[in-house]
Amino acid sequence: MRFWFVLLTTIVSLWGIEGYNGKSLVLPLSCASGTLIMSERNITVLPHPSNLALGIAIIPTDYHTTPQEIKAKWITSFGELEIPIDIHSFDYPTEVLIVESSKVTPPPEALQRISNEKAEAEKIYNTITPTRYWNKPFIYPMESNITSLYGSARTYNGVLKSYHGGVDFRARTPLPICATNDGVVVLVKDRYYAGGTVIIDHGEGVYSCYFHMSQYDVKVGESVQRGQIIGLTGATGRITGPHLHFGLMVLGLQSDPLHLINQINALF
């Protein structure tokens, strides 16, 4: 095992690691042990999904991270390895949207609801379940055209309000939504901005999110399987038309879901 640790040290020193703001980096490691320490965050090294002799670290990067070199340190019983990670700025698109004025400037009576829903979601996303519920590649939640990509800077009714924290799938009529992978349902609720919402815990700090739904076919605490129908698309919450917003959260941070799925699936 020490040989592989030394080999990885050589590879990292020669080529380094590159990442982008708003995108998670799936870093293969030579063993499933130890902790990756970086930027005041401790990331547990996890078992590789298809080769238990190896490990992986899923490293989320905040959307607002500026270009910089982050020096991560992998600490194991075999020694310590410094891993420099160069974070680059990704060229995300911009979008101009028109929605109901109350979804841009909420009425006073909605502010407490919005605050409560935000706190509730943050508590969920920052809860790390040690169990990994999935053992297969991830799938898209539906087959449809993608109308809006992750990371778009969004101007609502002439005001820059946010960036897009997921991807949107077109759904002009209610269509079935599938779980992207095995997991446990942790939230089923209508929310002010997200509308009809289902959140699934996949374990180890990874959550999938499904917004603007018109119907739920699951309940909190229910175990779901990859491909299982969890509900129907809709036009609830802050929307310009019927669609599914699909997102992935990693260790409390939003991550480009298509980019992360491609990285995880490449491990199989």
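Refer to the structure above for everything that follows.
Reading the values: rules and limits
Every chain begins its residue count from 1, and numbering advances along the sequence as written. Where local features are concerned, this predicted model is filtered to residues with pLDDT of at least 70; where side-chain atom pairs are given and counted, the filter is 80 or more; whole-chain, interface and lining totals use all residues. Note that the side-chain values use all heavy atoms of the structure and ignore hydrogens as well as water. What is meant by a nonpolar core is a set of buried Ala, Val, Leu, Ile, Met, Phe, Trp, Tyr and Cys residues, joined one to another through side-chain atoms within 4.5 Å. For every residue, the accessible area (1.4 Å probe, protein chains only) is compared with the maximum for its type, and the residue is labelled buried under 20%, exposed over 50%, or partly exposed between those bounds. What goes into a patch is any residue over 30% in relative accessible area without a salt bridge, connected to like charges within 9 Å or, for nonpolar side chains (Val, Leu, Ile, Met, Phe, Trp, Tyr), within 5 Å. Note on areas: Shrake-Rupley, 1.4 Å probe, and residue coverage restricted to the protein chains presented here. By definition, a salt bridge exists where a carboxyl oxygen of Asp or Glu is found within 4 Å of a side-chain nitrogen of Lys or Arg. Secondary structure is summarised from DSSP: a helix means a run of H or I of at least four residues, a strand means a run of E of at least two, and numbering begins at the N terminus for each. Pairing between two strands is assigned when DSSP locates at least 2 bridges connecting them. Throughout, the protein atoms alone are placed on a 1 Å grid, and a set of points is a cavity if a 1.4 Å probe fits but cannot get out or a pocket if it is open with protein on both sides within 12 Å along at least five of seven lines; lining residues have an atom within 4 Å of a point. Grid points are joined across faces, edges and corners, and a volume is the space filled by probe spheres set on the points. Gly counts as polar in this scheme, as do all residues outside two lists: the nonpolar Ala, Val, Leu, Ile, Met, Phe, Trp, Tyr, Cys and Pro, and the charged Asp, Glu, Lys and Arg. Where helices are involved, their axes are fitted lines through C-alpha atoms of the stretch in contact, as for all axes, and angles between N-to-C directions lie from 0 to 180°.

Caption draft 1: Molecular detail of the nonpolar core. If you look at the biggest cluster of nonpolar residues, it comprises 53 residues, and the most contacted ones within it are Leu36, Ile59, Ile83, Ile85, Tyr210 and Ile230. Judged by nonpolar contacts, the second largest core, of ten residues, contains Ile124, Tyr125, Phe211 and Met249.

Caption draft 2: Up close: a nonpolar patch on the surface. On the surface, Tyr140, Ile146 and Leu149 cluster together to form a nonpolar patch covering roughly 250 Å² of accessible area. In this fold, leucine 149 is placed in the loop between strand S10 (146–148) and strand S11 (153–156).

Caption draft 3: The arrangement of the pairing of strand S7 (residues 68–76) in detail. Relative to S7, strand S3 (residues 35–38) runs antiparallel, the two being bridged by three bridges. Residue pairing across strands places threonine 35 opposite isoleucine 75, the latter belonging to S7. As paired elements, S7 and strand S8 (residues 79–88) share nine bridges and run antiparallel to each other. Considered in S8, the bridge of lysine 71 is made with proline 84. In this antiparallel pair of consecutive strands, S7 and S8, the connection spans two residues.

Caption draft 4: View of unusual backbone geometry. The backbone of glutamate 204 shows a phi angle near 60°, a positive value even though the residue is not glycine. Positioned with a positive phi, histidine 212 is a non-glycine residue whose angle comes to about 70°. Relative to the elements of secondary structure, histidine 212 occurs in strand S17 (residues 206–216).

Caption draft 5: Highlighting the layout of surface pockets. Put simply, the second largest pocket is a space of about 220 Å³. Lining the second largest pocket are 13 residues, with Thr44, Leu46, Ile128, Glu204 and Leu251 positioned closest to its centre. Counting residues per element, the lining of the second largest pocket draws most heavily on strand S4 (residues 41–44), which supplies four residues. Residues of the lining of the second largest pocket, tallied by class, amount to eight nonpolar, three polar and two charged.

Caption draft 6: Fine view of the pattern of salt bridges. Counted by the stated rule, this structure contains ten salt bridges. Lysine 71 is paired through a salt bridge with glutamate 82; the nearest N and O atoms lie 3.9 Å apart. You can see lysine 71 sitting in strand S7 and its partner glutamate 82 sitting in strand S8, a full eleven residues away along the chain. Note on lysine 71: relative accessible area 49%, which makes it partly exposed. By sharing partners, the salt bridges in this structure join Glu69, Lys71 and Glu82 into a single network.

Caption draft 7: A look at empty space enclosed by the protein. Overall, the coordinates contain one cavity of 30 Å³ or more when judged by the stated rule. The volume enclosed by the largest cavity comes to roughly 30 Å³. Of the residues belonging to the lining of the largest cavity, the class tally is five nonpolar, two polar and no charged.

Caption draft 8: Structural context of the sheet that holds S3. Taken in spatial order, the five strands make up an open sheet running S1-S8-S7-S3-S4, and their pairing is mixed. Every interior strand has two partners, whereas the edge strands, strand S1 (17–20) and S4, have only one. For this sheet the average axis-to-axis angle between neighbouring strands, irrespective of direction, equals 30°.

Caption draft 9: Region of the structure containing the pairing of strand S13 (residues 167–170). Relative to S13, S10 runs antiparallel, the two being bridged by two bridges. In the sheet register, serine 148 faces S13, and the bridge partner there is aspartate 168. As defined by bridge partners, S13 adjoins strand S20 (residues 243–250) across four bridges and the pair is classed as antiparallel. Looking at S20, one finds that arginine 170 is bridged to histidine 243.

Caption draft 10: Quick peek at the sheet that holds strand S6 (residues 55–59). Strand order in the open sheet made by the three strands is S2-S6-S5, with antiparallel pairing throughout. Single-partner strands in this sheet number two, and they are strand S2 (25–29) and strand S5 (46–47). Of the strand pairs in this sheet, S2 and S6 are connected by five bridges, and their pairing is antiparallel. Paired with leucine 29 across the two strands is glycine 55, which belongs to S6.

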